[in-house]
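In case you want the letters, here they are:
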Amino acid sequence: MDMLTIGKMAKLNNISEQALRLYDKMGLLKPDYVDKQTGYRYYNIKQCARLDMISYMKELGMSLKQIKEHLDRQDVDVIHEVLKRQKILIDENIKKLKQKQKAIVRSIENYSRYAASPRKGVVSIEQLPQRKIYCYSCSINIYEHELDAYEYMLRELKSHILLHDLPMIYFCNVGSIIRKDVLDEGRLASNEIFLFIDDDFEASNGVEVIPAGTFACIYFDSFSFYKEKKYAGILLEHIKQNNYRIVGDYICEVVAELPIFKQNERNMFIRLQIPIELC
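These notes cover the structure that comes with them. (Residues numbered from 1 in each chain as written. Predicted model: local features only at pLDDT ≥ 70, side-chain atom pairs only at ≥ 80, totals over all residues. Heavy atoms only, no water.)

The next point concerns the overall build of the chain. Of regular secondary structure, the chain possesses eight helices and 12 strands. Against the globule reference of 19 Å for 279 residues, the chain gives a C-alpha radius of gyration of 29 Å, more extended than a compact globule. Taking the principal axes of the C-alpha coordinates as reference, the chain spans close to 95 × 40 × 35 Å. Relative to its 279 residues, the chain shows a buried fraction of 42%. For the chain, long-range pairs separated by at least 24 residues make up 69% of all intrachain contacts whose partners lie at least 6 apart in sequence. Only carbon and sulfur atoms are counted for the fraction: they give 53% of the accessible area of the chain, which is about 16600 Å². Averaging the coordinates of the 40 positive side-chain charges in the chain and doing the same for the 39 negative ones gives two points 5 Å apart. (Helix = DSSP H or I, 4+ residues; strand = E, 2+ residues; numbered from the N terminus. Rg over C-alpha atoms; globule rule 2.2 N^0.38 Å. Buried < 20%, exposed > 50% of the residue type's maximum accessible area, 1.4 Å probe, protein only. Contact = heavy atoms within 4.5 Å. Areas by Shrake-Rupley, 256 points an atom, 1.4 Å probe, with all protein chains shown as cover. Lys, Arg positive; Asp, Glu negative; His and termini not counted. Charge placed at Lys NZ, Arg CZ, Asp CG, Glu CD.)

This is the structure:
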């Protein structure tokens, strides 16, 4: 059978001539014959079998270097082990993609909530579902500092996420929490920030569940923390005037990060929420 030029070999296999030259350089797939005078590469049709295996292993996510190592060993058991390892990697990638998908859906819901939220500064009574959070304790009281300190706290949280190999995609949903016993004392004090996480999140340390229930809520946007104290006061006064009973922790949820910056500062749309029982 006639030898195939590099162009014909590339066309037959739907790859580029550049790829074949790279395979030749790496020793992954050498031409069957090279004309010493012209330097032209020629291939045998039978070499398509090795090229098919290379393409197959690339589709599995293996690097060219890995493919060459395993093909050179010509060991079926090695290929079997490689396939099992690649399956684990693919499963991990699928898991990460699903986490990203959920985060995107959550962000879409949050921006929809922003667009349809009650008037800013007006208290609403809402039925909220059970939610899962991952808590992190900082070194300072959030409410004794301004936004610059908050940014340092977020850097600290980011480092914690990376150190513990947590999904960075959760970082888009950060909030803070004031425990009920502190709230009962009439104080706004907390060193805890949290991430909203998915129900199937596997870690156990630091994970808490916010039970479903009735919540007194108030919405506002803010470039600084002084507004939170103001609207928290409005929310607590409303609860007091209506004789509602506080039955859980105070949650400050950043519903959405707004792409509007004043003096380079973060702009957040916030929902304060306190679980209550109606008397």
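So, on to the pattern of salt bridges. Pairing is possible between side chains of opposite charge, provided their charged atoms come close. The final tally for this structure, using the stated rule, is 17 salt bridges. The shortest N-O distance in the salt bridge between K68 and D72 comes to 2.6 Å. Separated by four residues within a single helix, K68 and D72 lie in helix α4 (residues 64–73), roughly one turn from each other. The exposure class of K68 is partly exposed, given its relative accessible area of 22%. Note on D72: relative accessible area 39%, which makes it partly exposed. For E185, the salt bridge goes to R187, with nearest N and O atoms at 2.9 Å. (Salt bridge = Lys/Arg side-chain N within 4 Å of Asp/Glu carboxyl O.)

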